[in-house]
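Each chain is listed here by its residues.
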Amino acid sequence: MKKRRWFSLFLSFALLLPLFSLTCADAYEDFDLDAKAGLLIEADTGEILYEKNAHQENFPASLTKVMVALLVFEAIDEGKIALTDSVTATESAFEGLSSDGSTANIVPGETMTVEQLLNCMLIVSANEACNILAEAVCGEGNISQFVQRMNERAAALGCENTHYVNTSGLHDPDHYTTAWDIYLITRALMPYEKFMEICNSKSYTVPATNMTEKPRELHSTNFLISNWRARGYVYRDAQGIKTGSTEEAGHCLVSSAVRGDRQLVSVVLGAEKITLADGKSTLTKSFSETIRLFDYGFDSFSRREVVSADELVRELRLLHAA
C-alpha cells in the first residue's frame, strides 16, 4: 500500500516537470556537409540535429586524444594521479613517433606536471605528451596497456566501431572510429571543467623546466577559437574541443558551441583543405563546415516549452485489489 502511494506521488511529480521540444524553424534549409562524415547534437537532450555517415568507420587522427584525456581525468578522479604530479619523460615514450608529427618539443628526461602535459596534448596536439601521460597512468613502458584500456573504455561507452592502436592518432589502418563514437567519448569528457578550460584555451605558457631555460608558448590548433595560426575562422560561440589531421584522415574536428541556453556538439571527419582561386589562400573545411553546422543548428532549430512547470497534465491513481 505504502509503495503504491509513493509511486503515485512520483508519477504526479514527474508529470509536473516542464517539457521542452526542439522545433525546426519555418526557414528550414536542406543541409549537406562537405566532409566524409559529420554529426550535430543538442547537448542537453542528445537530440540529433544532423548526421552524415555517423556510424561509418573513419580515421580520427588526433581526435584520438579525447580518449587519452578521458582516461587521464578518470585516473585523477580515482586518485591514481593528480594534476600537480611531476612526470619525467622516458625514452620509451618517444618510440614510434613520427619526426614530423605534432609536438611540444618535449625531450627525454624533461619533467612536467600532468596539467602541463594535458595542455601540451590538447592545445598543440603534442604526440609525445600522449605517451608520457599514458605512462603516468599505467607505468613506464606500459603504453600498450594504456591503449588496451582505451579500447575497453570505448566499448564501455557504447562505441561499437572504434579501435585504437596508439595514443596519438598517427595513421594505422587498424586505428579507426566514427563520428558517433567520438561524440560518445566527448560527451563523457565535457563535465570535466578542467578539460573544457584547457581545450578552450587560445594559448598556454609552459614554464621553464629542468631541460629548458625559457618558458615555451603554446598556441591552439583550433582556428575556431584562435586566429594565431589562421584568420577568418573564429566563431564567437565556439568552446573547444579538439582538432586532428593526417593525410589519410583528412581534416577532423570535434567542437562545441554555446548560444543563449543552448549548447551544440559537432563532429566533422574527413574534410578537405583546398587552395582558393587566388592560388595562395587555403580553406580548411573542418573549420568552415563546423561553422556551417553550428549556424544551421542554431538558426534552423529553436527550443520551445511544450508544457509549463505548473501545468498539471494528468493525475494518475493506482487502483489495487482489496
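Residues numbered from 1 in each chain as written. Predicted model: local features only at pLDDT ≥ 70, side-chain atom pairs only at ≥ 80, totals over all residues. Heavy atoms only, no water.

Student: What exactly am I supposed to notice about the overall build of the chain here?
Tutor: Helix and strand content of the chain: 8 helices and 13 strands. When the accessible area of the chain is evaluated, it comes to approximately 16,100 Å², of which 49% is carbon and sulfur surface. (Helix = DSSP H or I, 4+ residues; strand = E, 2+ residues; numbered from the N terminus. Areas by Shrake-Rupley, 256 points an atom, 1.4 Å probe, with all protein chains shown as cover.)

Student: Even after reading the chapter, I still don't get the confidence of the model for the chain, so can you show me in this structure?
Tutor: Any region with low pLDDT has predicted coordinates that should not be read closely. Per-chain confidence: the chain averages 90 in pLDDT, with 85% of residues scoring 70 or above. In this model, residues 1-20 is a region of pLDDT below 50 whose contacts with residues beyond four sequence positions or in other chains number 27 contacts. Confidence drops under pLDDT 50 across residues 316-322; counting only partners more than four residues distant or on other chains, this segment forms 9 contacts. (pLDDT = per-residue confidence, 0-100. Contact = heavy atoms within 4.5 Å.)

Student: Explain the packing of helix α2 (residues 65-77) against helix α5 (residues 143-156) to me, please; I cannot follow it from the model alone.
Tutor: The relative placement of two packed helices comes down to the angle between their axes together with the axis-to-axis distance. Between α2 and α5, whose axes approach to 10 Å, the crossing angle comes to 95°. With respect to α5, the element α2 is oriented roughly perpendicular. Across from M67, V68, L70, L71 and E74 in α2, the residues of α5 making contact are F146, R149, M150, R153 and A154. Among the residues making up the contact of α2 with α5, the classes are represented as 7 nonpolar, no polar and 3 charged. (Axes fitted to C-alpha atoms, helices over the stretch in contact; angles between N-to-C directions. Parallel < 35°, antiparallel > 145°, perpendicular 65-115°, else oblique. Nonpolar A, V, L, I, M, F, W, Y, C, P; charged D, E, K, R; others polar.)

Student: Help me out: how do you make sense of helix α3 (residues 114-123) in this one?
Tutor: For an α-helix, 3.6 residues make a turn, and residues three or four places apart therefore share a direction. The buried fraction of α3 amounts to 9 of the 10 residues, a majority that puts the element mostly inside the structure. For α3, every residue scored as buried is listed here: V114, Q116, L117, L118, N119, C120, M121, L122 and I123. Directly after α3, the chain includes S125, whose backbone phi takes a positive value near 60°. (Buried < 20%, exposed > 50% of the residue type's maximum accessible area, 1.4 Å probe, protein only.)

Student: What should I look at first to understand the side chain of T113 in this one?
Tutor: Locating T113 in the fold gives a position in strand β5 (residues 111-113). Ignoring anything within four residues of it in the chain, the contact list for T113 reads L83, T84, D85 and S86.

Student: What's the story with α2 in this structure? I'm lost.
Tutor: If you check α2, its first and last C-alpha atoms are 18 Å apart, about what 13 residues at 1.5 Å a residue would give, namely 18 Å. In terms of burial, α2 is a largely internal element, 11 of the 13 residues being buried. Considered for burial, the residues of α2 that qualify are K65, V66, M67, V68, A69, L70, L71, V72, F73, E74 and A75. Two residues or fewer past α2, G79 is found with a positive phi of approximately 80°. (Expected span 1.5 Å × (residues − 1).)

Student: Can you walk me through the packing of aromatic side chains in this structure?
Tutor: To describe a pair of aromatic rings, you give the distance between the ring centres and the angle between the ring planes. Counted under the stated rule, the structure contains 11 aromatic pairs. When the ring of Y50 is compared with that of Y296, the centres are 6.4 Å apart and the planes differ by 80°; the resulting orientation is edge-to-face. With Y50 in strand β3 (residues 48-52) and Y296 in helix α8 (residues 285-300), this pair connects stretches of sequence that are 246 residues apart. The class for Y50 is buried, based on a relative accessible area of 11%. Taking relative accessible area as the criterion, Y296 reaches 2% and is therefore assigned buried. Arranged with centres 5.6 Å apart and planes meeting at 90°, the rings of Y296 and F301 form a pair that is edge-to-face. The rings of F31, Y50, Y296 and F301 are connected pair by pair, giving a single aromatic cluster. (Phe/Tyr/Trp six-rings, centres within 6.5 Å; stacked < 30°, edge-to-face > 60°.)

Student: Sorry, what's going on with the nonpolar core here?
Tutor: Nonpolar side chains tend toward joint burial in soluble globular proteins. Ranked by internal contacts, the top residues of the largest apolar core, which has 68 residues, are M67, I106, C120, M121 and F195. It is α2 that contributes the most residues to this core, 9 residues altogether. Residues in contact with F195, not counting those within four places in the same chain, are A69, F73, L122, L189 and I241. Among the nonpolar cores identified, the runner-up in size contains 25 residues, and L224, A230, V268 and F301 belong to it. (Core = buried A, V, L, I, M, F, W, Y, C linked by side-chain atoms within 4.5 Å.)

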